[in-house]
Every structure is written in structure tokens, then in C-alpha cells.
Amino acid sequence: MKKKIIVSFIIMVVVLFILPFVLVKTAEPHEFMGIMILLFFIVNPMTAAVINSIIGKDVRKLWWMPVLFPIVFLVSYWIVLEEIIMDLMFYAVIYLIIGLIFMIGSFVVARIFKRKTGIE
């Protein structure tokens, strides 16, 4: 379980802190909006899905992971963009929903697999 938490947190830090920071500092102003759209609509939702599908077997212990991703998202983008943008709350809610769907989905798949095969 600790390994899942560490891996998930490292992925969050890389995708939500380091990647946007590097892109903000290196992108031209006219490229910045396109990069942010890619991050908001492709990279971040996929990251939330992957992280929360990893924890599907340990829902009772790691129920807080889908909540952590939107919080880290908000804090990281507020730091990277150097201002508090309340409109990012919309994206945080979407990432929470995506995380919950994938966590519950992987939990159900893991239980079905466990029943059919008897393997933990």
C-alpha cells in the first residue's frame, strides 16, 4: 500500500507541479493557451484516471486519493500561475468525478476477478 501511495504522489507531483511549471516558463505566450488546454482536457484527466484505477483494491484504506488529486491540482496551478484562480475549481470537481469513477470501476473489476479466479 505504501508503494501505491508513493508512486501516486510522485506521478501527481510530476504531472501537476513540474510539467506545468516547465511549460509555463518555456512556452511562448501564444503557445501557452494550447498547452493548458492539452493539460486540462487530456493529461490531467488521464492522470486522475490512472492514479485512481491503481488504488481500486485498497478502497477502504485509500478512499482519500480521489480527493487528494483535485486539491494538489488547485494548489499546484495556483502556485505555477502565481495567482488564485477560482475557475479552476470546475476542473477540480471534474477530476474528482473522474477519479471516483475509475476508483469504483477498478474496485468492481478487482472483486469480479477475485471471485472468478480466487486469486487475491
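What counts as what
Residues numbered from 1 in each chain as written. Predicted model: local features only at pLDDT ≥ 70, side-chain atom pairs only at ≥ 80, totals over all residues. Heavy atoms only, no water. Helix = DSSP H or I, 4+ residues; strand = E, 2+ residues; numbered from the N terminus. Buried < 20%, exposed > 50% of the residue type's maximum accessible area, 1.4 Å probe, protein only. Contact = heavy atoms within 4.5 Å. Areas by Shrake-Rupley, 256 points an atom, 1.4 Å probe, with all protein chains shown as cover. Lys, Arg positive; Asp, Glu negative; His and termini not counted. Charge placed at Lys NZ, Arg CZ, Asp CG, Glu CD. Axes fitted to C-alpha atoms, helices over the stretch in contact; angles between N-to-C directions. Parallel < 35°, antiparallel > 145°, perpendicular 65-115°, else oblique. Left-handed = near helix turned anticlockwise from the far one by under 90°. Nonpolar A, V, L, I, M, F, W, Y, C, P; charged D, E, K, R; others polar.

Engineer: Whenever I open this one, the overall build of the chain confuses me. Can you help?
Structural biologist: A tally of regular secondary structure across the chain gives 4 helices and 0 strands. Order of helices (α) and strands (β) in the chain, N terminus to C terminus: α-α-α-α. Projected onto its principal axes, the C-alpha positions of the chain cover 55 × 25 × 20 Å. Burial status across the chain gives 32% buried among its 120 residues. Considering only intrachain contacts with a sequence separation of at least 6, the fraction spanning at least 24 residues in the chain is 73%. Carbon and sulfur atoms provide 75% of the accessible area of the chain, an area that totals close to 7,700 Å². On the chain, the mean spot of the 11 positive side-chain charges and the mean spot of the 7 negative ones are 26 Å from each other.

Engineer: Is there a simple way to think about the packing of helix α2 (residues 29–54) against helix α3 (residues 65–81) in this case?
Structural biologist: For any two helices packed against each other, one specifies the crossing angle of their axes together with the interaxial distance. The interhelical angle for the contact between α2 and α3, taken along N-to-C directions, is 155°, at an axis separation of 10 Å. By the angle between their axes, α2 is roughly antiparallel relative to α3. Read as a crossing pair, α2 and α3 show a hand that is right-handed. Every residue of α3 that contacts α2 at Phe32, Met36, Leu39, Phe40, Asn44, Thr47, Ala48, Ile51 and Asn52 is listed here: Met65, Pro66, Phe69, Phe73, Tyr77 and Leu81. The residue inventory of the contact of α2 with α3, partitioned by class, reads 12 nonpolar, 3 polar and no charged.

Engineer: Could you clarify how one ought to interpret unusual backbone geometry in this entry?
Structural biologist: Peptide bonds are mostly trans, and most non-glycine residues show a negative phi. If you check the backbone angles, Glu82 has positive phi at about 60° while not being a glycine. Note that Glu82 resides in the loop between α3 and α4 (88–117).

Engineer: Just checking my understanding: could you explain the environment of Ala92 for this structure?
Structural biologist: Its place among the elements puts Ala92 in helix α4. Taking the relative accessible area as the measure of exposure, Ala92 reaches 5% and is therefore buried. Apart from the residues within four sequence positions on either side, Ala92 is in contact with Pro70, Phe73 and Leu74.

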